[in-house]
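Notes for the structure review
The lines below spell out each chain.
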Amino acid sequence: MDVGCVRLPAGRQGERTGVRFRFIEVSMKKIAPSILSADFSRLGEEVRAVEEAGADVIHVDVMDGHFVPNITIGPLVVEGLKKLTSLPLDVHLMIEKPERYIEPFAQAGSAWLTFHAEVCSRLRSVIKKVRQLNVRPGVVLNPSTPLKALYPILEEIGLVLLMSVNPGFSGQSFIPATLKKIERLRKIIDQNRYPLEIEVDGGIKVENIGEVSRAGGDIFVLGTGIFKTKDYKETISQLRQIIAPHPTLSPVGRGKG
Ligand code: DX5
Ligand code: ZN
């Protein structure tokens, strides 16, 4: 949910700007179960179960067998999922030339569409196209892609997805170097007051979500870390307790959606 904001007066240090307070938002951090680890023979039940368990968004991994060595699902499945859940569908495109598929995935009911900087030479125009379709755009970086790939478009996006495993499969181990990358991006966001959320994807579990959250992550994608646990509700409430002490602060009124 993109709701759950509390407005507080002033910036982090409580400064005044002229006679008016500058406002900041304390946003809820979000838990995004990745259906890649769900039981696909009971996909509907699985999605409803994580919704009831308290998930904020449903993460949908789209793979083309070219950009990554795995093939998963297309717009048809997104359309089916849309009918099953009222949660936003966070569609992660791990495909070459993502611009070719923006429209079908938007029409299928994606709320967010994220695409990889490594395979998108026209980031700015794809961001614009996604937004024109009333979908929230986000740019994804692989573990080995430096943050500087984002610099030209940081002011234009509201969502960055940092991969903490090499994309393609669920169940891999979190790459520890991601923590520094998150910290560096968090610093840039805070210094420039960009209204930007950091999503982190791969190898996150109850055991390490605290570090990812402390480093500055806002949205946490978990496949195995939720779907391979016994009690989704119990797992999600544990995750929430761990991340609760680190709220996200961001400026209000410059939302990029
Ligand atoms: C990997 C996908 C992830 C994956 C996460 O390419 O983008 O979303 O499903 O799964 P876990 O949490 O098991 O690493
Ligand atoms: Zn993903």
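Procedures and definitions
- Residues numbered from 1 in each chain as written.
- Chains lettered and ligands numbered in written order.
- Predicted model: local features only at pLDDT ≥ 70, side-chain atom pairs only at ≥ 80, totals over all residues.
- Heavy atoms only, no water.
- Helix = DSSP H or I, 4+ residues; strand = E, 2+ residues; numbered from the N terminus.
- Buried < 20%, exposed > 50% of the residue type's maximum accessible area, 1.4 Å probe, protein only.
- Contact = heavy atoms within 4.5 Å.
- Areas by Shrake-Rupley, 256 points an atom, 1.4 Å probe, with all protein chains shown as cover.
- Donors = N, O, S within 2.8 Å, 3.2 Å for Na, K, Ca; no water.
- Tetrahedral: all angles 85-135°; square planar, octahedral: opposite > 155°, others 65-115°.
- pLDDT = per-residue confidence, 0-100.
- Axes fitted to C-alpha atoms, helices over the stretch in contact; angles between N-to-C directions.
- Parallel < 35°, antiparallel > 145°, perpendicular 65-115°, else oblique.
- Left-handed = near helix turned anticlockwise from the far one by under 90°.
- Nonpolar A, V, L, I, M, F, W, Y, C, P; charged D, E, K, R; others polar.
- Near = heavy atom within 4 Å.
- Polar contact = N/O pair within 3.5 Å; in protein donor to acceptor, adjacent residues only side chain to side chain.
- Phe/Tyr/Trp six-rings, centres within 6.5 Å; stacked < 30°, edge-to-face > 60°.
- Lys NZ or Arg CZ within 6 Å of the ring centre and 35° of its normal.

1. So, the overall build of the protein chain
Tallying secondary structure elements over the protein chain gives eight helices and 13 strands in all. By residue count, 52% of the 257 residues in the protein chain fall in the buried class. Long-range contacts, defined here as pairs at least 24 residues apart, represent 65% of the contacts in the protein chain between residues at least 6 apart. Put simply, the protein chain shows about 11900 Å² of open surface, and 52% of that area lies on carbon and sulfur atoms.

2. Re the coordination of the zinc ion (ligand 2)
Tetrahedral coordination by four donors sets the ideal angle at the metal to 109.5 degrees; octahedral coordination by six donors sets it to 90 or 180 degrees. On the protein side, the zinc ion (ligand 2) has His 59 (NE2), Asp 61 (OD), His 92 (ND1) and Asp 201 (OD) as donor atoms, found 2.0 to 2.3 Å from it. Seen from the zinc ion (ligand 2), its six donor atoms lie at angles of 70 to 169°, and the figure they make is octahedral. In this structure His 59 comes out as buried when scored by relative accessible area, which is 0%.

3. Quick notes on the side chain of Asn 142
With respect to the helices, strands and loops of the structure, Asn 142 is situated in the loop between strand S9 (136-141) and strand S10 (159-163). The residues contacting Asn 142, other than those within four sequence positions of it, are Phe 67, His 116, Glu 118, Met 163, Pro 167 and Lys 181.

4. Looking at the confidence of the model for the protein chain
Averaged over all residues, the pLDDT of the protein chain is 89; the fraction at 70 or higher stands at 86%. Within the model, the stretch residues 1-22 combines pLDDT values under 50 with 42 contacts to residues more than four positions away or in other chains.

5. Topic: the packing of helix H1 (residues 43-52) against helix H2 (residues 75-84)
One can describe the packing of H1 onto H2 by two numbers: an axis separation of 10 Å at closest approach and a directional angle of 50°. Taken together, H1 and H2 sit at an angle that is classed as oblique. Pair H1 / H2 crosses with right-handed handedness. Contacts between H1 and H2 involve Leu 43, Gly 44, Val 47, Arg 48 and Glu 51 on the former and, on the latter, Val 77, Leu 81 and Leu 84. Considered class by class, the residues forming the contact of H1 with H2 number five nonpolar, one polar and two charged.

6. Section: unusual backbone geometry
Within the chain, Asn 134 stands out as a residue other than glycine whose phi angle is a positive 65°. Mapped onto the fold, Asn 134 is located in the loop between helix H4 (123-132) and S9. Classification of Asn 134 by relative accessible area gives exposed; the value is 71%. Although it is not a glycine, Arg 193 adopts a positive phi angle of roughly 55°. Of note, Arg 193 is situated in the loop between helix H5 (178-192) and strand S11 (197-201). For Arg 193, a relative accessible area of 23% corresponds to the partly exposed category.

7. As for the site of ligand 1
Surrounding ligand 1, one finds 20 residues, the nearest of these being Asp 61, Gly 168, Asp 201, Gly 223 and Thr 224. Between ligand 1 and Gly 171 there is a distance of 2.8 Å, counted from an oxygen atom to a backbone nitrogen or oxygen. Note that an oxygen atom of ligand 1 is positioned 2.7 Å from one of the side-chain N or O atoms of Asp 201. Coverage of ligand 1 by the protein amounts to 100% of the 380 Å² it exposes when considered alone. Secondary-structure elements contributing two or more residues to the shell around ligand 1 are strand S6 (58-63), strand S7 (89-94) and strand S12 (219-222). Top element by residues in the shell around ligand 1 is S6. It accounts for three residues. Considered class by class, the residues forming the shell around ligand 1 number eight nonpolar, 10 polar and two charged.

8. A few points about the packing of aromatic side chains
The relative placement of two aromatic rings is captured by the distance of their centres and the angle of their planes. On inspection of all chains with the given rule, the structure shows one aromatic pair. Ring centres of Phe 227 and Tyr 232 lie 5.4 Å apart, and the angle between their planes is 75°; this geometry places the pair in the edge-to-face category. Taken as a pair, Phe 227 and Tyr 232 share a single burial class, namely buried. Directly above the aromatic system of Trp 112 lies the positively charged group of Arg 136, at a separation of 5.0 Å from the ring centroid.

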